[in-house]
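# Commentary on secondary and tertiary structure
This is what each chain is made of:
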Amino acid sequence: MSDQQQPPSPAERRQQMTAEMERTAFQRKAVSRRSASETLADAVEFFKERGYRAGASARPNQIYIMGGREGVIPRVNGDIKAQENVGKGKVTMLTLNGFGENLSQTMGEYVDHLRTQRKPDQSG
């Protein structure tokens, strides 16, 4: 008389993963004062230091970020695209996209990392 619960069907698992991807989605724009190549190289190192695989994408001025299982999502993915010479200040505009509880948090930390690099020393 055991009350065994049936494992979720493939369609139910897909729905769970889709819901989790939407819930943990990270989409944001950020600005860097450095060139696209310097900024993306910094991003690759930032994410590698935190346990993600990261590297140049097949598209120019874009990197990929991949990680392992996070919750019901078997593998998390993200990307960062860079566009140079945007606006009057000729800054590098970054578009960050990704999903996953931890990856989204880490992408937010990277945006904060960019902000600290942007600020000149204002101590004097």
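Above this text sits the structure in question.
Residues numbered from 1 in each chain as written. Predicted model: local features only at pLDDT ≥ 70, side-chain atom pairs only at ≥ 80, totals over all residues. Heavy atoms only, no water.

## Describing the overall build of the protein chain
What counts, and what does not: Here a strand is any run of E in DSSP of at least two residues, a helix any run of H or I of at least four, and the numbering for each starts at the N terminus. This radius of gyration counts C-alpha atoms alone. The globule rule is 2.2 Å times how many residues there are, raised to the power 0.38. Burial here depends on accessible area, computed with a 1.4 Å probe over protein chains only, as a share of the maximum for the residue type. Under 20% is buried, over 50% is exposed, and the range in between is partly exposed. In what follows, a contact means two residues having at least one pair of non-hydrogen atoms within 4.5 Å. Methods summary: accessible areas were calculated by the Shrake-Rupley approach with a probe of 1.4 Å, and residue burial reflects only the protein chains presented. Only four residue types enter the charge count: Lys and Arg as positive, Asp and Glu as negative, with His and the chain ends excluded. One atom stands in for each charge, and that atom is NZ of Lys, CZ of Arg, CG of Asp or CD of Glu.
A tally of helices and strands in the protein chain yields three helices and five strands. Listing each helix as α and each strand as β along the protein chain from the N terminus yields α-β-α-β-β-β-β-α. A compact globule built from 124 residues should have a C-alpha radius of gyration of about 14 Å, whereas the protein chain, at 18 Å, is more than 25% larger. Referenced to the eigenvectors of the C-alpha coordinate spread, the extents of the protein chain come out at roughly 75 × 35 × 25 Å. For the protein chain, the proportion of its 124 residues judged to be buried stands at 35%. Long-range pairs, those at least 24 residues apart, make up 54% of the contacts in the protein chain between residues at least 6 apart in sequence. Carbon and sulfur atoms make up 46% of the accessible area of the protein chain, which amounts to about 8300 Å² in all. Each charge sign in the protein chain was given a centre, from 19 positive and 15 negative side chains, and these centres are 7 Å apart.

## Structural notes on the nonpolar core
Condition: Here the nonpolar core consists of buried residues drawn from Ala, Val, Leu, Ile, Met, Phe, Trp, Tyr and Cys, with membership extended through side-chain atoms lying within 4.5 Å.
Phe47, Ile65, Ile80, Leu94, Leu96, Met107 and Tyr110 are the most contacted members of the largest nonpolar core, which totals 24 residues. Looking at this core, the elements that each hand over two or more residues are strand S1 (26–32), helix H2 (36–49), strand S3 (62–67), strand S4 (76–86), strand S5 (91–98) and helix H3 (101–118). Considering every element that reaches this core, the biggest residue donor is H2, with six residues. Non-local contacts of leucine 96, meaning those with residues more than four positions away in its chain, are made with Phe26, Gln27, Arg28, Ala30, Asp79, Ile80, Met107, Tyr110 and Val111.

## Structural notes on unusual backbone geometry
Here asparagine 61, not a glycine, exhibits a phi torsion of approximately 55°, which is positive. Tracing the sequence through the fold places asparagine 61 in the loop between strand S2 (53–56) and S3. Residue asparagine 61 is classed as partly exposed on the basis of its relative accessible area, which comes to 39%. Within the chain, asparagine 85 stands out as a residue other than glycine whose phi angle is a positive 55°. In this fold, asparagine 85 is placed in strand S4.

## Digging into the packing of aromatic side chains
The condition is simple: Between 30 and 60 degrees the pair is tilted, below 30 it is stacked and above 60 it is edge-to-face, where a pair is any two Phe, Tyr or Trp rings, Trp via its six-membered ring, whose centres lie within 6.5 Å. Whether a charge lies above a ring is judged from NZ of Lys or CZ of Arg, which has to be within 6 Å of the ring centre and within 35 degrees of the ring normal.
On inspection of all chains with the given rule, the structure shows four aromatic pairs. When the ring of phenylalanine 47 is compared with that of tyrosine 52, the centres are 6.4 Å apart and the planes differ by 75°; the resulting orientation is edge-to-face. Note on phenylalanine 47 and tyrosine 110: the rings are 5.7 Å apart at their centroids and 45° apart in plane angle, and the pair reads as tilted. You can see phenylalanine 47 sitting in helix H2 and its partner tyrosine 110 sitting in helix H3, a full 63 residues away along the chain. Feature note: the residues Phe46, Phe47, Tyr52 and Tyr110 constitute an aromatic cluster, connected by ring pairs. Lying across the ring of phenylalanine 46, arginine 50 places its NZ or CZ 3.5 Å from the centre.

## Side note on the sheet that holds S3
As a reminder of what qualifies: Think of it this way: DSSP has to see at least two bridges between two strands before they count as a pair. Note on method: axes are straight lines fitted to C-alpha atoms, helices fitted across the in-contact stretch only, with angles between N-to-C directions ranging 0 to 180 degrees.
Read across the open sheet, the five strands follow the order S1-S5-S4-S3-S2; overall the sheet is antiparallel. Each edge of the sheet is formed by a strand with only one pairing partner; in this case those strands are S1 and S2. Neighbour to neighbour, the strand axes of the sheet diverge by 15° on average, direction disregarded. Each of S1, S2, S3, S4 and S5 is contacted by H2, which is oriented at about 160° to S4, the strand it contacts most.

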